[in-house]
Amino acid sequence: MSVVVYSTKSCPWCVKTKEYLDSIKVAYESVDVGSNKEAALEIIEKTKQRGVPVTKIDERYIVGFDQHKIESALKEAGIV
């Protein structure tokens, strides 16, 4: 899958990111980094950050909920 949202269960911005993707009908894989330590280490390595959400679109990582960056990356990837 070309869109992955790395999140935790208690993160309100993670919910906003998923709601946004749902609203524009973009399919995504949701990975809970609270219970998946391997995924948590992967996003720390790739982004040098520990915050969530992290949205991966193709090979681009977006830290936090930034609708403009997400929209732009989806268009660049030809998803929307």
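Everything that follows concerns the structure shown earlier in this document.
Keep in mind it's a predicted model, so treat the numbers as computed, not measured. (Residues numbered from 1 in each chain as written. Predicted model: local features only at pLDDT ≥ 70, side-chain atom pairs only at ≥ 80, totals over all residues. Heavy atoms only, no water.)

Draft legend 1. Local environment of the environment of Leu 21. In this structure, Leu 21 sits in helix α1 (residues 12-23). Considered as a pair, Leu 21 and Val 3 are 18 residues apart in the sequence and their alpha carbons are 9.6 Å apart. Those residues in contact with Leu 21 that lie beyond four places of it in its chain are Val 3, Val 5, Val 26, Tyr 28, Ile 70 and Leu 74. (Helix = DSSP H or I, 4+ residues; strand = E, 2+ residues; numbered from the N terminus. Contact = heavy atoms within 4.5 Å.)

Draft legend 2. Looking closely at the packing of aromatic side chains. Taken as a whole and assessed by the stated rule, the structure comprises two aromatic pairs. With 6.2 Å between their ring centres and 20° between their planes, Trp 13 and Phe 65 make a pair best called stacked. With Trp 13 in helix α1 and Phe 65 in the loop between β4 (60-63) and α3 (67-76), this residue pair connects regions lying 52 residues apart in the sequence. Here Trp 13 falls in the partly exposed class, since its relative accessible area comes to 47%. Relative to Phe 65, the ring of Tyr 20 has its centre 6.2 Å away and its plane inclined at 65°; by these criteria the two rings are edge-to-face. One end of the pair, Tyr 20, is in helix α1; the other, Phe 65, is in the loop between β4 and α3, with 45 residues separating them in the sequence. For Phe 65, a relative accessible area of 26% puts it in the partly exposed group. In textbook terms, an aromatic cluster arises when at least three aromatic residues are bridged by ring pairs, as seen for Trp 13, Tyr 20 and Phe 65. (Phe/Tyr/Trp six-rings, centres within 6.5 Å; stacked < 30°, edge-to-face > 60°. Buried < 20%, exposed > 50% of the residue type's maximum accessible area, 1.4 Å probe, protein only.)

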